[in-house]
Amino acid sequence: MDINFLFTLIIQTLAAFIGVYVTSIMVDAPKRTLFVSGLIGALGWGAYLLMRTSLSEALNVYLCSLGIAFAAQVVARVLKTPVTTILIPGFYALVPGVTLYRSLYFLIINDMENFNKYISLAGLTSGMIALGILTIDSFFNAMTRIQKINHINKQKREHGHADFVTDAPDWKNKKEI
Amino acid sequence: MVLEKENQLLTKEKTIVLQASKQEQEALNTAVKAGVLMISAGAEAYRCEDTTKSILSLAGNEYDSFVLGTGLIVSLRSQSGLPLSISRRVKSRGINLNVIDAVNQIARDLVDGKINFEEANQRLTDVDHPRYSSKIKILCTFIMTASFSLLLSGNFFDALGGFLNGFLLVSWRYFATKYHFRPFTLQVVAGLLMAAGSTFLTRYLLPQADIHYMIGGSLMLLFPGTSFTTAIRDSLQGDFVSGLTRIAEALLAALGLSIGVGLGFYFLNHVLS
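A brief structural summary. The model shown is predicted, which means the values in this text are computed figures rather than measured ones.

Moving on to the layout of surface pockets. Where empty space is left can be seen by rolling a probe of water-molecule size over the atoms. Roughly 2,100 Å³ of volume is contained in the largest pocket. Lining the largest pocket are 46 residues, and of these Arg93(B), Gly94(B), Ile95(B), Arg173(B) and Thr177(B) sit closest to its centre. Within the residue set of the lining of the largest pocket, elements represented by two or more residues are α1 (3-26) of chain A together with α2 (22-40), α6 (134-151), α7 (156-178), α8 (183-205), α10 (225-236) and α11 (240-271) of chain B. Across the lining of the largest pocket, the residue classes tally to 23 nonpolar, 14 polar and nine charged.

As structure tokens, this is what we get:
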């Protein structure tokens, strides 16, 4: 790792932190989540930069979004806030807005080769982010389901019957965030 | 004679029986208020449904809530058997994470029995105030455009250009939100302004800067990253209608921005030069 790359890494990670922090303010995030979402966004971007040379673009984005989504879910449970408030700012650095813009720019100046390259890159990145969020969301959803069903079964064993089970989230027992 | 009296009693009883209690009405109103707030703050459909359902669960056993990206229907059967329902259409949708967090907290407090419906209503009315002042937000726009220009491996000059471009963007956004323009109008004109501003900057003020990094940094503000994330989570929960709504929203926003930038470049490079 040469010194030039290290310098870029530090500068860009710092920029990602500031950018994500400031973006969370722009979307009116609660004050207690600002620092954490900035940190998650910066670490995600740093990891993306580190792995960019050794991994393919698709795998790299997928792994980074796995990490970001996981961190967002855990932190949201600790801070007792909806996952959305951390997940949305956390992905701001990774979302391929500029790639999309660039592809359409090349379309306008009639450079079809570059247009194809960038539009497929944008589609790939957004698809991989979607897959990352999907994986982690499904995992946490499965965990809460297991907890809930176990809770009901335990009640059935101990009392012979469970509480009235509704479709609403079981907030009284703090089972779901 | 006797029969008539009995009949009268029966009808009287029926009219008395088919009434909604005050608590049920309050629960319905609070649920609708919370749901509308959450939709207009850009929450996912399933989160909105969970919140409204848990509020309704305080008043009865038979209830449901149906949330689309553009409105909601909330219904509850009262203890007496009277079906109650309210539907609302939500036209203006933005993104406000603080509202989502606050409404979530209020609903939880309500379900835990810490507050009653009156206090909950009061807190829901107060929640709409913006958390940060507009001065701070404008400052944040400048910092954001500069830092995203850096993030896209731009150098110091690109960041400075993004910072100056942010000024154009802020003034246009202020103007557009003041007169309630359509999002598409906002995005196309924002794209035009970005193209014009950055071309001007690279030609006369900052010839060292790269035009793409500059524009990319400033456009990050208007890119529909939030709708995109929400669309994925909505579709995952099985709310395909809301998910598709938001994907359409995101695509339209991206198209609007690109058309604006493309038109701006075309005019500046081919017509005016």
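Residue and element names in this part refer to chain B. Tracing the chain through its elements places Leu193 in helix α8. Residues Leu193 and Asp239, spaced 46 residues apart in sequence, show a C-alpha to C-alpha distance of 37 Å. The residues touching Leu193, leaving out its near neighbours within four places in the chain, are Leu168 and Trp172.

Let us now look at the pairing of strand β3 (residues 83-89) of chain B. All names here are of chain B. Bridge count for strand β2 (residues 71-77) against β3 is seven bridges, and the pairing is antiparallel. Opposite Val74, over in β3, you have Ile86 as the bridge partner. With antiparallel pairing between neighbouring strands as the criterion, β2 and β3 make up a hairpin whose turn holds five residues, including Gly81 at a positive phi of roughly 100°.

All names here are of chain B. One open sheet holds the three strands; their spatial order is β1-β2-β3, and the pairing between them is antiparallel. Looking at strand neighbours, the two that pair on one side only are β1 (63-68) and β3, the edges of this open sheet. Put simply, the sheet's adjacent strands are angled 5° from each other on average, direction ignored. Across six bridges, β1 lies against β2 in antiparallel orientation. Its bridge partner lying in β2, Phe66 is registered against Ile73. The sheet contacts of helix α3 (residues 45-56) involve β1 and β2, and relative to β1 the element is tilted by about 155°.

What counts, and where the lines are drawn
- Residues numbered from 1 in each chain as written.
- Chains lettered and ligands numbered in written order.
- Predicted model: local features only at pLDDT ≥ 70, side-chain atom pairs only at ≥ 80, totals over all residues.
- Heavy atoms only, no water.
- 1 Å grid on protein atoms, 1.4 Å probe; cavity = no way out; pocket = protein on both sides within 12 Å on 5 of 7 lines; lining within 4 Å.
- Points joined across faces, edges and corners; volume = space filled by probe spheres on them.
- Helix = DSSP H or I, 4+ residues; strand = E, 2+ residues; numbered from the N terminus.
- Nonpolar A, V, L, I, M, F, W, Y, C, P; charged D, E, K, R; others polar.
- Contact = heavy atoms within 4.5 Å.
- Pairing = 2+ DSSP bridges.
- Axes fitted to C-alpha atoms, helices over the stretch in contact; angles between N-to-C directions.

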